[in-house]
Amino acid sequence: MTDERIHRTVSADGTDIAGRVQGRGPALVLVHGGIGDGDLAWEALLPHLTDRFTCYLPSTRGRGLSGDNPDHSPARLEEDVTAFVESIGEPVCLVGWSGSGAWVLGTATHSRAVAAVAAYEPGVMSVMREDDRAGTFAMAQRMGTAAADGRLVDAMRAFVPWICNAEEITALAETNFVERWAGCVPAMLRFIQGDALHEGPRSTDPAVLRTIGVPVLLLRGRQTLLDSWFTDAAQYIARYVADAHVRELPGTGHFAPLVAPSPLADELISFFESARQPA
């Protein structure tokens, strides 16, 4: 790790947003998903990137080094990412994962500081099939019940089999993943609730996606448990984003950033270095 520091800014509603900074080179902002925070989400991927990029690892409200606010609606979470990106003061490449796919796409529509976007298995609820939707709601209910009783580790245990394949579950168990990530459960549940209650425009609406003027890389794992959802989501986004590229990573699941970081890093490096080249 080189020249580690903390970068801080303030979101549009006054919430403090912060994240560690490591590495040297062009600015690369990596945004955690619906679960996790800036430190936990990228600890395995980071060593593959810091020799090429200055990696910024923000946490949205209620996570990591950032402050909190009762409002965890999609618009506010996008504002957290946008404020952080714009405070860096130079063009950035932007990475999202799962739930943050919508946040980074939204930031690309709001900020001229974004040079390119990559999203690993972004989720779009409107394209989720009924059987997957039922399983997702059941998972969220189990997590909520456990969290309400203060059993955050049990809440994580309800989350893991919903999204992780068998190989990932085995690999993550060796890292004490459930225990280490349990503190992120409350913010995830507020994210889920805020997203479910939101009735306004979304960054994944076709009209909004059409306004994205930078290249977008949509990545998915070939061994992802919710394969149909993430495949449909990538195809949906690519349908409306003018400069979209869809790639598959063989042998990887949804938690590739933690258990298979090398092939993911290779795709990100290739894409962002190409996107930064003059036309």
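Thresholds applied
Counting restarts for each chain: residues are numbered from 1 in the order of the written sequence. Local features in this predicted model are restricted to residues whose pLDDT is 70 or higher, and side-chain atom pairs enter the listing and the counts only when it is 80 or higher, whereas totals over whole chains, interfaces and linings include all residues. Calculation of side-chain values draws on the structure's entire complement of heavy atoms; hydrogens and water are dropped beforehand. By the criteria applied, helices consist of DSSP H or I runs no shorter than four residues and strands consist of E runs no shorter than two, each listed in order from the N terminus. In this description the radius of gyration comes from C-alpha coordinates, and the expected globular size is given by 2.2 Å times residues to the power 0.38. It only takes one pair of heavy atoms within 4.5 Å for two residues to be counted as in contact. Note on areas: these come from Shrake-Rupley sampling with a 1.4 Å probe, and a residue is covered only by the protein chains present in the view. A residue counts as positive if it is Lys or Arg and as negative if it is Asp or Glu; His and the chain ends are not included. A single reference atom marks each charge: NZ on Lys, CZ on Arg, CG on Asp, CD on Glu. Here the nonpolar core consists of buried residues drawn from Ala, Val, Leu, Ile, Met, Phe, Trp, Tyr and Cys, with membership extended through side-chain atoms lying within 4.5 Å. Only protein chains enter the calculation, and the probe is 1.4 Å; a residue is then buried if its accessible area is under 20% of its type maximum, exposed if over 50%, and partly exposed in between. UniProt positions are given in the numbering used here, feature names are shortened, and annotations may be inferred rather than shown by experiment. In this analysis, strands are considered paired if DSSP registers two or more bridges between them. Take a side-chain nitrogen of Lys or Arg and a carboxyl oxygen of Asp or Glu: if they are within 4 Å of each other, that pair is a salt bridge. Two cysteine sulfurs form a disulfide in these notes if their separation is within 2.5 Å. Expected helix span is computed as 1.5 Å times (number of residues minus one).

**Let's talk about the overall build of the protein chain**
A count of helical and extended segments in the protein chain gives 12 helices and eight strands. Here the C-alpha atoms of the protein chain give a radius of gyration of 17 Å, agreeing with the 19 Å that 2.2 N^0.38 yields for 279 residues. When the backbone C-alpha atoms are referred to their principal axes, the protein chain occupies close to 50 × 40 × 35 Å. The contacts in the protein chain between residues at least 6 apart in sequence include a share of 75% that link residues at least 24 apart. Per element, the accessible surface of the protein chain, about 11600 Å² overall, is 50% carbon and sulfur. Taken together, the 23 basic and 35 acidic charged side chains of the protein chain have centroids lying 2 Å from each other.

**As for the nonpolar core**
Formed by 57 residues in total, the largest nonpolar core has its most connected members in Phe159, Trp181, Phe255 and Phe272. Tallying contributions element by element places helix 5 (residues 152–163) first for this core, with seven residues. When near neighbours in sequence (up to four residues on either side) are disregarded, Phe272 contacts Leu28, Phe53, Cys93, Leu94, Val95, Ala116, Val117 and Ala118. In this structure, Val21, Tyr56, Ala119 and Phe191 belong to the second largest nonpolar core, which totals 35 residues.

**Some details on the UniProt feature "domain: AB hydrolase-1" (unreviewed entry) in the protein chain**
Mapped onto the present numbering, the UniProt feature "domain: AB hydrolase-1" (unreviewed entry) falls on residues 28–266. Helix makes up 48% of residues 28–266 and strand 15%, and the two end C-alpha atoms of the span are 14 Å apart.

**Observations concerning the pairing of strand 1 (residues 5–10)**
Pairing of strand 1 with strand 2 (residues 16–23) involves six bridges; the strand directions are antiparallel. Pairing of Ile6 across the sheet is with Arg20, part of strand 2. From the end of strand 1 to the start of strand 2, which pair antiparallel, there are five residues, and Gly14 there has a positive phi angle of about 95 degrees.

**Quick look at unusual backbone geometry**
Peptide bonds are mostly trans, and most non-glycine residues show a negative phi. Its identity is not glycine, yet Ser98 carries a phi of approximately 60 degrees, on the positive side. As for its position among the elements, Ser98 is in the loop between strand 5 (92–97) and helix 3 (101–110). A residue is classified by how much of its surface remains accessible, and Ser98, at 18% relative accessible area, is buried. Even without a glycine there, the phi angle at Asn176 is positive, about 55 degrees. Within the secondary structure, Asn176 is located in the loop between helix 6 (166–173) and helix 7 (177–181).

**Regarding the pattern of salt bridges**
Scanning all chains against the criterion turns up 19 salt bridges. Glu79 is the partner of Arg76 in a salt bridge, and the nearest nitrogen-oxygen pair spans 2.8 Å. Of the two residues, Arg76 and Glu79 both sit in helix 2 (residues 74–87), three residues apart, roughly one turn of that helix. Among the salt bridges present, the one from Asp232 reaches Arg129, with a minimum N-O distance of 2.8 Å. Note that Asp232 is positioned in helix 10 (residues 227–240) and Arg129 in the loop between strand 6 (114–120) and helix 4 (130–148), a separation of 103 residues in sequence. It is possible to trace a salt-bridge network through shared partners that takes in Asp13, Arg61, Asp71, Arg76, Glu79 and Asp80.

**Things to note about the environment of Ala83**
Looking at where Ala83 falls in the secondary structure, it is placed in helix 2. Once the C-alpha coordinates of Ala83 and Pro161 are considered, the two residues, 78 residues apart in sequence, prove to be 34 Å apart.

**With respect to the state of the cysteines**
All chains considered together, the criterion is met by zero disulfides. A disulfide-free cysteine, Cys55 has its sulfur positioned 11 Å from the sulfur of Cys93, the nearest such atom. Judged by relative accessible area, Cys55 falls into the buried class, the value being 0%. With relative accessibility at 0%, the residue Cys93 sits in the buried group.

**A short note on helix 10**
Between its terminal C-alpha atoms helix 10 stretches 21 Å, which fits the 20 Å expected from 14 residues at 1.5 Å a residue. Looking at helix 10, one finds that the buried residues are Trp229, Phe230, Thr231, Asp232, Ala233, Ala234, Tyr236, Ile237 and Tyr240. In this structure, the buried side of helix 10 is in contact with helix 3, helix 4, helix 5, helix 9 (206–209), strand 7 (216–221) and strand 8 (244–249).

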